[in-house]
Amino acid sequence: MALLPVSEALASILDGAVRIGVEFVPVSEAAGRILAQDVAAHLTQPPFNSASMDGYALRAADLQDFEGLEVIGEAAAGRSFSGSVARGQAVRIFTGAPVPGGADTVVIQEIVERTGSAIRVKQAVTAGANIRVAGIDFREGDVLLRAGRRLTARDLMLAAGMNHGELPVAKKPLVAILATGDELVAPGETPAADQIVSSSPAGLAAMVAQSGGEPWLLPIARDNLDSLTQRLHDSRRADILVTIGGASVGDHDLVGRALADAGASLHFHKVAMRPGKPLMSARMGQTRVIGVAGNPVATLICARVFLQPLIRRLTGVEAADHNVEKARLAKALAANGDRAHYMRGQLLRDGAVGGGYVRALDDQDSSLMAALASADCLIVRPPEATAAAVGDLVDILRLDF
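Residues numbered from 1 in each chain as written. Predicted model: local features only at pLDDT ≥ 70, side-chain atom pairs only at ≥ 80, totals over all residues. Heavy atoms only, no water.

K.L.:
Help me get a handle on the nonpolar core, residues and values and all.
P.N.:
In this structure, Leu-279, Phe-306, Leu-307 and Tyr-342 are the most contacted members of the largest nonpolar core, which totals 43 residues. The element contributing the most residues to this core is helix H7 (residues 296-314), with 11 residues. Formed by 19 residues, the second largest nonpolar core is a distinct cluster that contains Trp-216, Leu-232, Ala-258 and Ala-282. (Core = buried A, V, L, I, M, F, W, Y, C linked by side-chain atoms within 4.5 Å. Buried < 20%, exposed > 50% of the residue type's maximum accessible area, 1.4 Å probe, protein only. Helix = DSSP H or I, 4+ residues; strand = E, 2+ residues; numbered from the N terminus.)

Right, here's the structure in full:
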């Protein structure tokens, strides 16, 4: 089977992917979730003209007509003054309190001299000063949060202020993660002389969670069809299944056979990229399957390029699937071969579209986890790209997980 270009592989994986559903969650639990519907304000904020400072509510015109004004009452937040202000009168008022009827100005207390129930204003005051007008923030019916937005602390404060106790959010795709191989042991276990620690699932689970999915770590499948068949059966309720390892063509690479036995339809096998050439895509019932190479770096790079966009599609995010930016090279690069090369890189100054500089890490071996951890982006070198000099613009993908 010929190597598939990355763009065609991504289009195949995303084909038919739409938001899987909507659920309502308390606003206090919605941080990081994807808003599924536009949200409008249930009320006007502020709901009334209110004082923005402590002082006295009065009629600005009276300051020209009267030497002093009579204080007839008090207004505080949650405790309004029930009457109205007539000529020659004022009401003691505190921040957040409704401005009494008849008053059009709040004079701050620092420029007021009070004697008993009478006050004298010592400086000129502009009509309307220190009043927050009703609806200056937003009005009932205003649509302030749009579908597809990843909800932040600021968004949730706004939603609560709009009087939403719950918010409609996209359901999280359930992403089953299955490592395969007799050589693997779980983190924390002691590997035998011919074994290694299974590190990729931990990274994948974190990436899935940060991208809006719900990770589900399955027990390691061993290199036999019985073990793989059982794990595939267990994963059938997942929206996505990611298999790690066993996707190549060696004698012990059995994932493809097990998927075929489980009735899965194979979409493609092998992509023109490095690292990550033995990438596989299939469909097992309603479960979308992505098989990635066993090398940890290849696992996460393929997840960044293919899995993250799929999760975003299933949560209704309408952002660009690849999120490619531009940066200038701080160190020259040699010509590339016939596969797209996703090189681990470091941004030397933040910013893209020519504003940032990037350098490729010296060692690009696909098994080096420490090198990947020190990278903050991938430099994307197209197939057959010519040598690139210092200062040339290159495509980058940020590592945002």
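K.L.:
If you had to explain the environment of Gly-246 to someone new, which residues and values would you point to?
P.N.:
Relative to the assigned elements, Gly-246 resides in the loop between strand S17 (240-244) and helix H6 (255-261). Taking relative accessible area as the criterion, Gly-246 reaches 15% and is therefore assigned buried.

K.L.:
So what about the packing of aromatic side chains? Which residues, and what values?
P.N.:
Think of a pair of aromatic rings as described by two things: how far the centres are apart, and how the planes are tilted against each other in angle. By the definition in use, this model includes 0 aromatic pairs. Residue placement shows Arg-92 over the ring face of Tyr-56; its charged tip is 5.1 Å from the ring centre. Just above the ring of Trp-216 sits the side chain of Arg-237; from NZ or CZ to the centre is 4.3 Å. (Phe/Tyr/Trp six-rings, centres within 6.5 Å; stacked < 30°, edge-to-face > 60°. Lys NZ or Arg CZ within 6 Å of the ring centre and 35° of its normal.)

K.L.:
Summarise unusual backbone geometry; cite the residues concerned and give the values.
P.N.:
Only a minority of non-glycine residues have a phi that is not negative, and only a minority of peptide bonds are not trans. In the segment running from Gln-45 into Pro-46, the intervening peptide bond is cis, with an omega of -10°. Inspection of the secondary structure puts Pro-46 in the loop between strand S2 (39-40) and strand S3 (50-51). Non-glycine residue Asn-163 carries a positive phi angle of around 75°. Position of Asn-163 among the secondary structure elements: in the loop between helix H3 (153-161) and strand S12 (166-170). In this structure Asn-163 comes out as partly exposed when scored by relative accessible area, which is 48%. With phi around 60°, Glu-384 is a residue other than glycine that occupies positive phi space. Relative to the elements of secondary structure, Glu-384 occurs in the loop between strand S25 (377-381) and strand S26 (393-398). Take Glu-384: its relative accessible area is 53%, and that puts it in the exposed class.

K.L.:
Please provide a residue-by-residue account of the sheet that holds strand S6 (residues 89-93), values included.
P.N.:
Pairing in this open sheet of 6 strands is mixed, and the strands run S7-S4-S6-S5-S9-S8 from one edge to the other. In this open sheet, the two strands that pair with only one neighbour each are strand S7 (105-108) and strand S8 (112-115). Each adjacent strand pair in this sheet contributes to an overall mean axis angle of 40°, direction not counted. One ladder, built from 4 bridges, connects S8 with strand S9 (residues 118-121); its direction is antiparallel. The partner of Glu-113 across the bridge, within S9, is Arg-120. (Pairing = 2+ DSSP bridges. Axes fitted to C-alpha atoms, helices over the stretch in contact; angles between N-to-C directions.)

Purely spatial values, then, with no claim about function.
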